[in-house]
Amino acid sequence: MATPKRIAIVDAYSSARRLAPLFTAQGYECVHVQSTPAIPNLYAGSFDVSDFMTNHVHRGDLQQTLDALARLRPSQVIAGIETGVELADTLGERLGLRSNGTALSGARRDKYRMIETVRAAGLRTAAQIRTADPGTLTAWHSETGGRIVVKPLRSAGSDGVSFCETPEESATALKSVLGTESALATQNDAVVAQEYLPGDEYYVNTVSLDGQHRVCDIWRTTHLTANGVLDLLEGAHLLPRAGAVQDELVRYTLRTLDALGIRNGPAHTEVKYTPDGPALIETGARLCGGDLPHLARLALGNGQLESTVDAYTRPDRFFATCEQDYEVRRFAACVGMVSPAGGRLQAYRDLALIEGLESLHELKVLVRPGDRIQRTVNDFTFPVVLYLLHEVEAVVMRDIATMRHLDGPDFYRIS
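Residues numbered from 1 in each chain as written. Predicted model: local features only at pLDDT ≥ 70, side-chain atom pairs only at ≥ 80, totals over all residues. Heavy atoms only, no water.

**Student:** I tried to follow the environment of Ala-107 on my own but got confused; where do I start?
**Tutor:** Along the chain, Ala-107 turns up in the loop between α3 (85-94) and α4 (111-120). It is 9.8 Å that separates the C-alpha atoms of Ala-107 and Thr-283, two residues lying 176 residues apart in sequence. Other than its neighbours up to four places away in sequence, Ala-107 contacts Arg-113, Met-114, Thr-117 and Leu-260. (Helix = DSSP H or I, 4+ residues; strand = E, 2+ residues; numbered from the N terminus. Contact = heavy atoms within 4.5 Å.)

Structure (structure tokens):
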């Protein structure tokens, strides 16, 4: 009797929830490993246990989890989101499977170690310090000068990120983070403070196999100043693969992957294109979040999700197409609406006009009338998210501008 073909995914939440059905379609059974007894609240609603033959909850006993997986004999262990990276590295290495290994596992999660590792490889990075002491931070900010970004060492998105103009603001930001729980349900016992990097921000999403990297999609993000946040992320739109900026971003990203030891699996790299060239914000050894991989597959026909499945089920196909440039069939964007205040949402004023946008593919109303609404200060507090698709890029950009025109204090009735 043939041995069943199986894939193990650690923390298949957010965008990674879409992997199991794709592996199943290729004839693989999927095993889920839950890295913590409780799923972080941020992702609890995105996990469907019915996609998996079993769900093993890791409770801190590594040998028990190794024994459970060894009996199931998966051919690969993949990290779904950030919380699964280190455990997936350890399980893959100990089971003798394709893995990124554990030597640089911490540098793929700790944002301070990540930047130092990339800097040591000779790449442009921001000046930074890791500290839990307000006095040390204020002294460093005074010496460094300019605007400083303070953020947790381990989190996701723009959770806990502050833009600080003065040393006093940096100290206040540090104190607001210490002792709190991140969006990924980890304790914040220190922060990383970095020089502010001016320039456009990009996402470069890749999949790797045995050290060969495929560029799946590139996005340019857009920001605005609102609700006291200087650089509030408000959206991202898909770029063609070809272009002078894209080529430079890709060269930088691939060197970053090599520096961080990302040889296998998906990766999501955020890069600032500064006046001095690309500089790393951070890299995640996992799929891009925000469901952008699903939007990319609709725009391109084959994105990071499909490339991940190809790498582990059809490696010959992956290697044969690894260096092919993707082709944009439809232009795509994801944008969030910005709530000006918190309270009880009574109604959205012009939601019907948003629903009528020509390029609208999907409207996710995350906060409904009657629910509590938060003032939008990061990408986890968008009340409404739009996914746009159209064959003509100008239509997508026009609809983004129309949405932003409609968005604002008058769009929300909040008590």
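After presenting the structure, the write-up continues.
**Student:** Any chance you could explain the environment of Ala-311 here in plain terms?
**Tutor:** Checked against the element boundaries, Ala-311 lands in helix α9 (residues 304-313). Residues Ala-311 and Asp-110 lie 201 residues apart in sequence; the distance between their C-alpha atoms is 26 Å.

**Student:** What am I meant to see in the pairing of strand β14 (residues 331-336) here?
**Tutor:** Looking along a regular strand, one sees side chains alternate from face to face of the sheet. Counting buried residues in β14 gives 6 out of 6 residues, a clear majority hidden from the surface. Across the two faces of β14 the burial is the same, with Phe-331, Ala-333 and Val-335 and Ala-332, Cys-334 and Gly-336 all buried. In this sheet, β14 lies alongside strand β11 (residues 229-239) in antiparallel orientation, the contact comprising 3 bridges. When the sheet's bridge partners are listed, Gly-235 is paired in β14 with Val-335. (Buried < 20%, exposed > 50% of the residue type's maximum accessible area, 1.4 Å probe, protein only. Pairing = 2+ DSSP bridges.)

**Student:** Is there a simple way to explain the sheet that holds strand β5 (residues 128-131) in this structure?
**Tutor:** Sheet strands line up and pair through hydrogen bonds in the backbone, either parallel or antiparallel. Judged by pairing direction, the sheet is antiparallel, and its 4 strands sit side by side in the order β5-β8-β6-β7 without closing on themselves. Looking at strand neighbours, the two that pair on one side only are β5 and β7 (162-164), the edges of this open sheet. Neighbour-to-neighbour, the strand axes of this sheet turn through a mean angle of 25°, independent of strand direction. For strand β6 (residues 148-152) and strand β8 (residues 191-195), the ladder comprises 5 bridges, and the chain directions are antiparallel. Residue pairing in the sheet places Pro-152 in a bridge with Val-191 of β8. Across the face of the sheet, α4 comes into contact with β5, β6 and β8 while running at roughly 145° to β5. (Axes fitted to C-alpha atoms, helices over the stretch in contact; angles between N-to-C directions.)

**Student:** Would you mind going over the packing of helix α2 (residues 62-72) against α3 with me for this structure?
**Tutor:** The relative placement of two packed helices is expressed as an angle between their axes plus a distance between the axes. At their nearest, the axes of α2 and α3 sit 11 Å apart, and the two run at 60° to each other. One element, α2, and the other, α3, form an angle in the oblique class. In terms of crossing hand, the pair formed by α2 and α3 is right-handed. Note on element contacts: α3 touches α2 through Leu-87, Thr-90, Leu-91 and Arg-94, opposite Leu-62, Gln-63, Thr-65, Leu-66 and Leu-69. Counted by class, the contact of α2 with α3 contains 5 nonpolar, 3 polar and 1 charged residues. (Parallel < 35°, antiparallel > 145°, perpendicular 65-115°, else oblique. Left-handed = near helix turned anticlockwise from the far one by under 90°. Nonpolar A, V, L, I, M, F, W, Y, C, P; charged D, E, K, R; others polar.)

**Student:** Would you take a moment to explain the sheet that holds strand β17 (residues 372-373) for this structure?
**Tutor:** The 3 strands are arranged β17-β15-β19 in an open sheet whose pairing can be described as antiparallel. At either margin of the open sheet sits one strand with a lone partner, and together these are β17 and β19 (412-414).

**Student:** Help me understand the nonpolar core, please; the structure alone is not making it clear to me.
**Tutor:** Across soluble globular proteins, nonpolar side chains show a tendency to be buried alongside one another. Within the largest apolar cluster, 51 residues are counted, with the highest numbers of intra-cluster contacts made by Leu-69, Leu-91, Trp-219, Leu-292 and Leu-295. In terms of residue count, helix α8 (residues 292-300) provides more of this core than any other element does, 5 residues in total. With residues near it in sequence (within four places) discarded, Leu-295 still touches Trp-219, Ala-332, Ala-333, Cys-334, Tyr-387, Leu-388 and Leu-389. The next biggest cluster of nonpolar side chains, apart from the first, holds 28 residues, and it includes Ile-9, Ala-16, Leu-209 and Phe-318. (Core = buried A, V, L, I, M, F, W, Y, C linked by side-chain atoms within 4.5 Å.)

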